[in-house]
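Understanding the architecture of this molecule
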Amino acid sequence: MSDWITVCSESDLTPNTGLCALLGGEQVAVFYCGKTRKLFAVSNYDPIGEANVLSRGIMGSIGEATVVASPLYKQHFNLETGECLEDTEHKLKTYPVRLHEGEVQMQAA
Amino acid sequence: MSKQRVVVVGNGMVGHKFIDNLINHEKADQYEIVTFSEESRLAYDRVQLSSYFSGATAADLALTDREYYRDNGVNFVLSDKVVEIDRAAKVVVTESGRKEPYDKLVLATGSFPFVPPIPGNDKEHCLVYRTIDDLGMIKASAKESKVGVVVGGGLLGLEAANAIKNLGLETHVVEFAPRLMAVQLDEGGGKLLRRKIEDLGVKVHTEKATTEIVVGKECRYRMNFADGSHLETDMILFSAGIRPQDELARKFELEVGERGGIVVNDNCQTNDKDIYAIGECALWGGRIFGLVAPGYTMAKVAVSQITGGDELFQGADMSTKLKLMGVDVASIGDAHGNTPGAQSYTYNDEIEQVYKRLIISEDGTRVVGAVLVGDVDAYGNLLQMMLNDMALPENPAALILPSTGDSASVGLGVDALPDSAQICSCYDVTKADIKAAVAAGCTDMGGIKSATKASTGCGGCAALAKQVMDAELASLGYEVKNDICEHFAYSRKELADIVRVKQIKTFDELLESHGHGLGCEICKPAVGSILASFWNDYVLKDEHIGLQDTNDIFLGNMQKDGTYSIVPRVAGGEITPEKLIVLGEVAKEYNLYTKITGGQRIDLFGAQLHELPLIWKRLVDAGFETGHAYGKSVRTVKSCVGSTWCRYGVDDSVGFAIDIEDRYKGLRSPHKLKFAVSGCTRECAEAQCKDVGVIATENGWNLYVCGNGGMRPRHADLFASDLDRETLIKYVDRFLMFYVRTADRLQRTSVWLENLEGGLEYLRDVIINDKLGIAEELEADMAANIANYQCEWKTTVENPERLKRFKHFINSDEADNSLAYVLERGQRRPATKEERVQLVELVD
Ligand code: SRM
Ligand SMILES: Cc1cc2nc3c(=O)[nH]c(=O)nc-3n(C[C@H](O)[C@H](O)[C@H](O)COP(=O)(O)OP(=O)(O)OC[C@H]3O[C@@H](n4cnc5c(N)ncnc54)[C@H](O)[C@@H]3O)c2cc1C
Ligand code: SF4
Ligand code: FES
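Notes on the structure follow.

**Points about the overall build of chain B**
- Within chain B one finds 27 helices and 38 strands.
- Counting the 844 residues in chain B, one finds 53% classified as buried.
- Taking as baseline every contact in chain B between residues at least 6 positions apart, the subset at least 24 positions apart corresponds to 60%.
- Accessible area of chain B: about 37,600 Å², with a carbon and sulfur share of 49%.

**A look at the overall build of chain A**
- Scanning chain A from terminus to terminus reveals zero helices and 11 strands.
- Ordering the α and β elements of chain A from the N terminus gives β-β-β-β-β-β-β-β-β-β-β.
- Across the 109 residues of chain A, 55% fall into the buried class.
- Look at the contacts in chain A between residues 6 or more apart in sequence, and 41% of them connect residues 24 or more apart.
- Accessible area of chain A: about 4,700 Å², with a carbon and sulfur share of 46%.

**Describing the nonpolar core**
Residues and elements named next belong to chain B.
- One finds F18, I85, L105, L107 and I278 to be the most contacted residues of the largest nonpolar core, which totals 52 residues.
- Here this core gets eight residues from one element, more than from any other, and that element is helix α8 (residues 292-306).
- With residues up to four places along the chain from it excluded, the contact list for L105 reads V7, V9, I85, V92, D274, I275 and Y276.
- If you look at the next biggest cluster of nonpolar residues, it comprises 41 residues, including L736, Y739, L760 and I774.

**Digging into the interface of chain B and chain A**
- Listed per partner, the contact involves 38 residues of chain B and 33 residues of chain A.
- Summed over both partners, the interface of chain B with chain A buries about 2,700 Å², with 54% contributed by carbon and sulfur atoms.
- For chain B, the biggest contributors to the area lost against chain A are L518, E521 and I810 of chain B; these three give 24% of the whole.
- Counting across the interface, chain B meets chain A through two salt bridges.
- Here K833 of chain B ties to E50 of chain A by a salt bridge, and the two come within 2.9 Å at their closest N and O atoms.

**A short note on the environment of C219 of chain B**
All names here are of chain B.
- Among the secondary structure elements, C219 is positioned in the loop between β13 (210-215) and β14 (221-225).
- For the pair C219 and E232, spaced 13 residues apart in sequence, the C-alpha separation works out to 5.6 Å.
- Dropping the residues within four chain positions of it, C219 is found in contact with V147, E232, T233 and D234.

**Some words on the pattern of salt bridges**
Residues and elements named next belong to chain B.
- Under the counting rule described, the total for this entry stands at 53 salt bridges over all chains.
- Notably, a salt bridge pairs K203 with E170, separated by 4.0 Å at the nearest N-O pair. Residue K203 is located in strand β12 (residues 203-205), and its partner E170 is located in strand β11 (residues 170-174); the two are separated by 33 residues in the primary sequence.
- Judged by its relative accessible area of 40%, K203 falls in the partly exposed class.
- Accessibility expressed as a relative area gives 37% for E170, which makes it partly exposed.
- For D717, the salt bridge is made with R714, and the minimal N-O distance between the two is 2.7 Å.
- One salt-bridge network, held together by shared partners, links K493, D497, R500, R741, E777 and D781.

**Quick look at the sheet that holds strand β15 (residues 230-233) of chain B**
All names here are of chain B.
- Overall, antiparallel pairing links the three strands, which are arranged β13-β14-β15 in an open sheet. One side of each edge strand has no neighbouring strand; the edge strands of this open sheet are β13 and β15. Between one strand axis and the next, the sheet turns by 20 degrees as a mean value, whatever way the strands run.
- Taken together, the four bridges between β14 and β15 define a ladder with antiparallel strand orientation. Paired with N224 across the strands is H230, a residue of β15.

**Re the sheet that holds strand β1 (residues 5-9) of chain A**
Residue and element names in this part refer to chain A.
- The strand order across the open sheet formed by three strands is β1-β11-β10, and the pairing between neighbours is antiparallel. Where the open sheet ends on each side, the last strands, each with one partner, are β1 and β10 (97-100). Strand-to-strand, the axes of this sheet are offset by a mean angle of 30 degrees, without reference to chain direction.
- With four bridges connecting them, β10 and strand β11 (residues 103-106) associate as antiparallel partners. In the strand pairing of β11, H100 is matched with E103.

**What about the site of ligand 2?**
Residues and elements named next belong to chain B.
- Around ligand 2 sit 29 residues, and of these V14, E39, R130, E280 and V292 come closest.
- At a separation of 3.3 Å, an oxygen atom of ligand 2 approaches a polar backbone atom of M13.
- Here a nitrogen atom of ligand 2 sits 3.0 Å away from a polar atom, N or O, in the main chain of E38.
- Protein burial of ligand 2: of its 1,000 Å² of free accessible surface, 92% is covered by the chains.
- Where the shell around ligand 2 is concerned, the elements lending two or more residues are α1 (13-23) and α5 (155-166).
- For the shell around ligand 2, the leading source of residues is α1, giving three residues.
- Taken domain by domain, the makeup of the shell around ligand 2 includes at least three residues from each of domain 1 (4-112 + 244-306) and domain 2 (126-240).

**Considering the side chain of S653 of chain B**
- Tracing the backbone through its elements, the reader meets S653 of chain B in helix α20 (residues 653-664).
- If we ignore the near neighbours within four places in the chain, the residues touching S653 of chain B are S639, C640, V641, G642, V677, S678, G679 and W701 of chain B.

**Brief notes about unusual backbone geometry**
Residues and elements named next belong to chain B.
- The residue Q503 is not glycine, and still its phi comes out positive at about 55 degrees.
- Structurally, the position occupied by Q503 is in the loop between α13 (492-501) and α14 (507-514).
- Overall, Q503 belongs to the partly exposed group, its relative accessible area being 44%.
- Not every positive phi belongs to a glycine, and Q600 is a case in point at roughly 60 degrees.
- Of the residues examined, Q600 reaches a relative accessible area of 27% and is grouped as partly exposed.

**Digging into the packing of aromatic side chains**
Residues and elements named next belong to chain B.
- Within this structure, the stated rule accounts for 21 aromatic pairs over all chains.
- An angle of 50 degrees between the planes, with centres 5.7 Å apart, marks the rings of Y593 and F605 as tilted. Note that Y593 is positioned in strand β30 (residues 593-596) and F605 in strand β31 (residues 602-607), a separation of 12 residues in sequence.
- Residue class for Y593 comes out partly exposed when judged on its relative accessible area of 27%.
- One aromatic cluster is present, built from ring pairs that chain together F554, Y564, W616, W793 and F806.
- Over the ring of Y648 we find R682; its NZ or CZ atom is 3.8 Å from the centre of that ring.

**With respect to helix α21 (residues 725-742) of chain B**
- With 18 residues, α21 of chain B should reach 26 Å at 1.5 Å per residue; the first-to-last C-alpha distance of 26 Å fits that figure.
- Counted residue by residue, α21 of chain B has 15 buried out of 18 residues, so it is predominantly covered.

**Section: the packing of helix α10 (residues 431-439) of chain B against helix α11 (residues 445-452) of chain B**
All names here are of chain B.
- In the contact formed by α10 and α11, the axes pass within 10 Å of each other and the chain directions differ by 115 degrees. Seen along the crossing, α10 lies across α11 with a hand that is right-handed. Only I448, A451 and T452 of α11 make contact with α10, whose side of the interface consists of D433, I434, A437 and V438.
- Looking at the contact of α10 with α11 residue by residue, the class counts come to five nonpolar, one polar and one charged.

Rules of the game
- Residues numbered from 1 in each chain as written.
- Chains lettered and ligands numbered in written order.
- Predicted model: local features only at pLDDT ≥ 70, side-chain atom pairs only at ≥ 80, totals over all residues.
- Heavy atoms only, no water.
- Helix = DSSP H or I, 4+ residues; strand = E, 2+ residues; numbered from the N terminus.
- Buried < 20%, exposed > 50% of the residue type's maximum accessible area, 1.4 Å probe, protein only.
- Contact = heavy atoms within 4.5 Å.
- Areas by Shrake-Rupley, 256 points an atom, 1.4 Å probe, with all protein chains shown as cover.
- Core = buried A, V, L, I, M, F, W, Y, C linked by side-chain atoms within 4.5 Å.
- Buried area = accessible area lost by both parts, 1.4 Å probe.
- Salt bridge = Lys/Arg side-chain N within 4 Å of Asp/Glu carboxyl O.
- Pairing = 2+ DSSP bridges.
- Axes fitted to C-alpha atoms, helices over the stretch in contact; angles between N-to-C directions.
- Near = heavy atom within 4 Å.
- Polar contact = N/O pair within 3.5 Å; in protein donor to acceptor, adjacent residues only side chain to side chain.
- Domains from an automatic or database assignment.
- Phe/Tyr/Trp six-rings, centres within 6.5 Å; stacked < 30°, edge-to-face > 60°.
- Lys NZ or Arg CZ within 6 Å of the ring centre and 35° of its normal.
- Expected span 1.5 Å × (residues − 1).
- Left-handed = near helix turned anticlockwise from the far one by under 90°.
- Nonpolar A, V, L, I, M, F, W, Y, C, P; charged D, E, K, R; others polar.

Note that every value here comes from positions in space, so none of it alone points to a role or purpose.
This is the structure in structure tokens:
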């Protein structure tokens, strides 16, 4: 298991929005849910729109799932599993992420 | 088994309907169909004939085409008239000598215009109004004429009068009877209609019997009347009624009525059991039906009978509602009160020019007829009450009295209608059909239209059809449909009301009190926009930021590769050379693709996140403001050059456009808002396709509203004429705020208006007459909005905290490494997928 790497501090998070972190050359979209205080990390690359944009999508929920909607064509991706709700063929890579002593930390997946 | 041969004589509206029904019948493959038309084209929409004068083409009017007939095995022969029926041999013969055997013969020969036997009626510019070819001749004749006379003041005559008036002729209507539309209207109704039509500049002459048409002095012809008077004209259009086309029946000894018409029984059969007659040529129960709906019913009956079914024709209601030269007219049932013992209520408003008469049964419990002129809102209710034999309410007079605004509608609820009630008579759509369509998943009028065809004919049933749909949706527990999304059980409008009344300032507050879940990309931006339009708070505050689309967060439209565009405001399209130079320099420095937009401004494409603030800083310093190209908000006010330079300009369109744009810039709304101001009627700014359009006139400014380009273009409606600037601004303030408050999410003003009950009239009532008493409040809202305006980019570049977001990575200053461009026509554009592969190979 690889080490936890700090990508930013807790104060950099704005509840209910995403940001993009560079993790060993990979672009990772990190989301922070204000209500549940949970962090999520998935690949920033939208496989349908084919651009690095997911961190800039709107976060929300569809049924029970916490999701992000792609800012390009609005498909929803489950932040927990990475799965695309509209097209299950597509699945984002997910990354372990945690809040640790005021720092947002991730592990390379 | 060999196929049965069905020959259809006449390919008019009803003949075609018969064929269409038969080829869509489950037993279709047992029949071989042949149809003959005397006309040179397949069936077209005669009802909409007049639209040919306002730009519709023959193709627009077509009800079918050759491919459709061929694909369905329908044989057709055009421009060939059937002149003989050999009933013994069961063969028809055409003018050109073609012989066609039949098993079943269907006569759908329609009718022909009656031309009174007046000496001189066969002169060159004496025409009729029935076919597309007739229209061609009318157009040609109008080119060489200044004055036109329509003989006949009935329904078709008035329609014809409107047509020649629109062709620019001085128009007269000559009627034999003492009033217009004598068949459908009573005296009071006819009188008001006449007054309204004369106000429009058409001259009406009643009680005139033409005795001869001779050569004129001032005009081409002179019509002499029995009372010694005369009228000069260049063209005469006969519209003195129609006569059933029963020539074949007479010649080949089928039974015909005393005054014409091929006699048919309830099966639509003539006295020869293998010959049917349907449509306007058929006489049933001693009556001819000169409307398309009964003809369609006959077509259905004939198909049923021929295919072994048992549908019967049982007569049809001849009630009509129409707009003649913009005047609303409706006639229901026994409009003349001929029913024994009938009593009536009359409402006659000479000021507003509204006439309504309600005729009720002797015992006062049922509607038997009605005449409505000037205001036909009651048509749907009254018609349904009559057709379904429903009991009158307590105070029947209320059915025709103007509504007092707050009183609950006195009409019947659509719930009271039986399932069999016919809602759309053009397409014979019943309440049950609409309910079935809803059950099958239709939740809007678009769906209902395509599933049932309701309200795709004359359109008269649209309001009623929508009521039935809404009631059905509600009863199925479907009100959900107005819900904005799964997180809020409210429509956008309802959410807006909640936000305003409860003074809610954040999304979380609203979600907590009125919603559930976390929200989504639908409700969040919608609520964001509501919050912004009520409180005009800076949209990028922490509590609002998660509500915004990326476009709103980064104040630019995201492009396909994840970069953004930059559109500074160029109010009215006016820009100084200095500012143009700044744009050029910035574009050059950041290597941005540059394009003039369709909205008279300049778009710079391809800016990366981290570049956005740098670029905007430069632009703000040079005096630019954001153009809000990314938001659901006011876009541009397009202008033409106007009176300052243009030799035709009557007023300063650029100046006014700039004032308007400065006033409303930044206003958030349910969808984007576009404006334009033209300096004269030549309309170079295309104001009539904008949400708000302004055109200078000799006496002020004309205001147009609710136009749209885009996916479904809509011409704007003239809202008010010859306004001064202050009044115009006042109306626009109210209009915009009313729209912002009441429209649904992503509903352009065009669609909003189309869905607004009461339509344009109601809108005028609210905006101009302040019917709801909210005008002051709307103006105050707008004033507050204007006072709170800030250029979001200015605020952003001045605030270091805000700028933190404008980085691709939170933990690195690197840029997105996956962008790739190629040069085209001297500028760069994103590489295509194929090009990328090559680029990457080159780089690697
Ligand atoms: C840049 C421009 C095309 C151009 O190169 O000329 C443009 C570009 C876009 N238009 Fe447009 N429209 C542009 C003028 C128009 C016009 C013409 C006009 O305004 O005179 C129309 C038709 C008029 C109208 O809206 O009634 C137009 C009708 C649309 C529509 C359809 C709206 C509709 O009601 O059907 C959309 C889609 C939407 O808004 O949902 C759209 C959406 C878009 C979007 C936002 C699509 C997107 O989500 O990326 C494009 C954003 C480009 C960008 O990043 O800036 N654009 N678009 C024009 C910008 C004008 C400006 O200065 O602001
Ligand atoms: C200007 C105008 C406006 C109207 N507005 C309305 C309205 O608002 N609402 C409404 O309900 N109705 C309206 N009508 C009436 C409506 O158009 C008719 O009721 C409808 O067209 C009747 O259809 P049909 O098939 O019986 O006759 P038609 O449509 O007239 O078709 C008959 C066809 O048969 C052809 N034909 C005749 N004899 C022969 C033959 N021997 N051999 C071959 N072909 C032959 C004719 O040339 C014609 O093409 C309007 C009519 C006009 C002219
Ligand atoms: S028409 Fe389509 S492609 Fe062209 S700018 Fe508008 S949205 Fe983009
Ligand atoms: S009644 Fe004419 S379209 Fe429905």
